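Coordinate inspection notes
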Amino acid sequence: MNDPRKSSGQLIAASILSADFAKLGAEIEEVRAGGADFLHIDVMDGHFVPNISLGPPVIESIRPVTDMFFDAHLMISEPLRYAPAIVKAGAQSVTFQVETVDDPAQAAREIRKLGCGVAITLNPATAVEKVFPALDFVDFVLVMSVVPGFGGQKFMPQVLPKVRELKKRLRPEQRIEMDGGIHADTIAQARDAGVDWFVVGSGIFDQPDRAGAIAELRRKITS
Ligand code: DX5
Ligand code: ZN
């Protein structure tokens, strides 16, 4: 398994929210072979966000079909209640929304005890300072560049200053991930702001040629 935390490069995560769930195993293999670096798995509860996606049973089903790293993004009101099941199902990393916990530092420490990677994320409307207390305890920070809940939304460049604020405070081995609206025509803005890992859903899965889409995204990052 390629652990993104051990890479210092810029990486592309395929977000399976936009995949065809009727053939999820084949979809995952296609993006792996097409060059995606790891998988981003959106867990939604219909409460923190107005959508329901998938949970531990689906993660458990796809765990044996691939050796890709699973980055679980919990868009749920009770991350501490469900994180153990998410890790048991096969996720290597758990990201919780800062808006859902009283004490972000304590929440990060609790999740770390499960033996997985830990990250914190924040909605576009949430001030970046809210995540500062947890920064010592996370592997990466996910900056949401859309209001979470749905794939295929428009990139919000107004969140980019958060990346610069976070960069100043993170240790060299900590990473910044961005999620939402990242396509071939928006990814360079995220790169210029200092993003390390790019989560892409519709920009990969809604394209007829997934490998071609990933290659194009990588070209945009490196050009
Ligand atoms: C949105 C999810 C994203 C979603 C991104 O709430 O957290 O991971 O899959 O989809 P795109 O890349 O289509 O904006
Ligand atoms: Zn996500």
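One can find the structure itself at the top, above this paragraph.
Here goes a summary of the coordinates provided. (Residues numbered from 1 in each chain as written. Chains lettered and ligands numbered in written order. Predicted model: local features only at pLDDT ≥ 70, side-chain atom pairs only at ≥ 80, totals over all residues. Heavy atoms only, no water.)

**Concerning the site of ligand 1**
Counted only if it meets this: Neighbouring residues are identified by heavy atoms, a residue being near a molecule or strand if any of them is within 4 Å of it. Under this definition, polar contacts are N or O atom pairs within 3.5 Å; protein pairs additionally need one hydrogen-donor-capable and one acceptor-capable atom, and for neighbouring residues in sequence, both atoms have to be side-chain atoms. Accessibility throughout is a Shrake-Rupley quantity obtained with a 1.4 Å probe, and a residue counts as covered only by protein chains that appear here. Of the two site types, the cavity is a set of points on a 1 Å grid over the protein atoms alone where a 1.4 Å probe fits but cannot get out, and the pocket is an open set with protein on both sides within 12 Å along at least five of seven lines, each lined by residues with an atom within 4 Å of a point. A molecule is said to be in a cavity or pocket once over half of its atoms fall within 2 Å of that pocket's grid points.
Around ligand 1, the structure places 20 residues, and the nearest of them are Ser15, Asp42, Gly149, Asp179 and Ser202. The separation between an oxygen atom of ligand 1 and a polar side-chain atom of Ser15 is 2.7 Å. Between ligand 1 and Gly152, the relevant distance is 2.8 Å, taken from an oxygen atom to a main-chain nitrogen or oxygen of the residue. Alone, ligand 1 offers 380 Å² of accessible surface; in the complex the protein occludes 100% of this. Taking a 2 Å distance to the grid points as the criterion, the majority of the atoms of ligand 1 fall inside the largest cavity.

**Looking at the sheet that holds strand β7 (residues 175-179)**
Heads up, the condition is: Here a strand pair is declared whenever DSSP counts at least two bridges between the two strands. Only DSSP runs of H or I with at least four residues qualify as helices, and only runs of E with at least two residues qualify as strands; both kinds are numbered from the N terminus onward. Axis geometry follows a simple rule: fit a line to the C-alpha atoms, using only the stretch in contact for helices, then measure angles between N-to-C directions, giving values from 0 to 180 degrees.
A barrel is described by the order of its strands in space; here 8 strands give the closed sequence β1-β2-β3-β4-β5-β6-β7-β8, paired in parallel fashion. Taking the axes of each pair of neighbouring strands and ignoring which way they run, one obtains an average angle of 25° across the sheet. Judged from the 4 bridges that link them, strand β1 (residues 11-15) and strand β8 (residues 197-200) form a sheet pairing that is parallel. Counted as the bridge partner of Ile12 is Phe198 from β8.

**Quick word on empty space enclosed by the protein**
Note the cut-off: Grid points are joined across faces, edges and corners, and a volume is the space filled by probe spheres set on the points. All amino acids are sorted into three groups, where Ala, Val, Leu, Ile, Met, Phe, Trp, Tyr, Cys and Pro are nonpolar, Asp, Glu, Lys and Arg are charged, and the leftover types, Gly among them, are polar.
For the structure shown, the criterion picks out 1 cavity of 30 Å³ or more. Computed from the structure, the largest cavity encloses a volume of approximately 210 Å³. If you trace the largest cavity, you find 25 residues lining it, with Phe150, Gly151, Gly152, Asp179 and Gly180 closest to the centre. At the level of elements, β2 (38-44), β3 (70-75), β8 and α7 (202-205) are the ones that each hand at least two residues to the lining of the largest cavity. Here the residues of the lining of the largest cavity are counted per class, giving 10 nonpolar, 13 polar and 2 charged.

**Here we look at the coordination of the zinc ion (ligand 2)**
When a metal carries six donors in an octahedron, the ideal angles between them are 90 or 180 degrees, while four donors in a tetrahedron ideally lie at 109.5 degrees. Our working rule: Because no water is among the atoms considered, metal sites can look incomplete, with donors defined as N, O and S atoms within 2.8 Å of the metal, or 3.2 Å for Na, K and Ca. In short, tetrahedral needs four donors with all angles between 85 and 135 degrees, square planar needs four and octahedral six donors with opposite donors over 155 degrees apart and all other angles between 65 and 115, and whatever is left is irregular. The classification of residues rests on relative accessible area computed with a 1.4 Å probe and restricted to protein chains. Under 20% of the type maximum is buried, over 50% is exposed, and intermediate values are partly exposed.
The zinc ion (ligand 2) binds to the protein through His40 (NE2), Asp42 (OD), His73 (ND1) and Asp179 (OD); the donor distances cover 2.1 to 2.3 Å. Given 6 donor atoms and angles of 71 to 171° at the metal, the environment of the zinc ion (ligand 2) is assigned as octahedral. Within one chain, the residues serving as donors to the zinc ion (ligand 2) are arranged as H-x1-D-x30-H-x105-D. Taken together, the positions of His40 in strand β2 and His73 in strand β3 put the pair 33 residues apart, joining distant regions of the chain. Since its relative accessible area comes to 0%, His40 is described here as buried.

**Considering the environment of Phe150**
The test is simple: For this analysis, residues touch if any pair of their heavy atoms sits within 4.5 Å.
Tracing the backbone through its elements, the reader meets Phe150 in the loop between β6 (140-144) and α5 (160-169). Counting along the chain gives 51 residues from Phe150 to Gly201, while the straight-line C-alpha distance between them is 9.8 Å. If near-sequence neighbours (up to four positions away) are discounted, Phe150 is found in contact with Leu17, Met44, Pro50 and Asn51.

**Overview of helix α1 (residues 24-33)**
Put simply, the rule reads: The directions from the helix axis to the C-beta atoms are what the arc is built from.
Of all the positions in α1, only Leu24, Glu27, Ile28 and Val31 are classed as buried. Down the axis, α1 shows its buried residues gathered within 100° of arc, on one side only. For α1, the secondary structure elements touched by its buried residues are β1, β2, α2 (56-62), α7 and α8 (210-222). Immediately downstream of α1, the backbone of Gly35 shows phi near 110°, a positive value.

**Side note on the side chain of Arg63**
We count it as follows: His is not counted, nor are the chain ends; Lys and Arg add positive charge and Asp and Glu add negative charge. Here, a salt bridge means any Lys or Arg side-chain nitrogen found within 4 Å of an Asp or Glu carboxyl oxygen.
Its location among the elements puts Arg63 in the loop between α2 and β3. One buried charge, Arg63, has no salt-bridge partner; the nearest side chain with opposite charge is Asp67, at 6.3 Å. Those residues in contact with Arg63 that sit more than four places away from it in its chain are Met1, Met68, Phe70, Ala89, Gly90 and Gln92.

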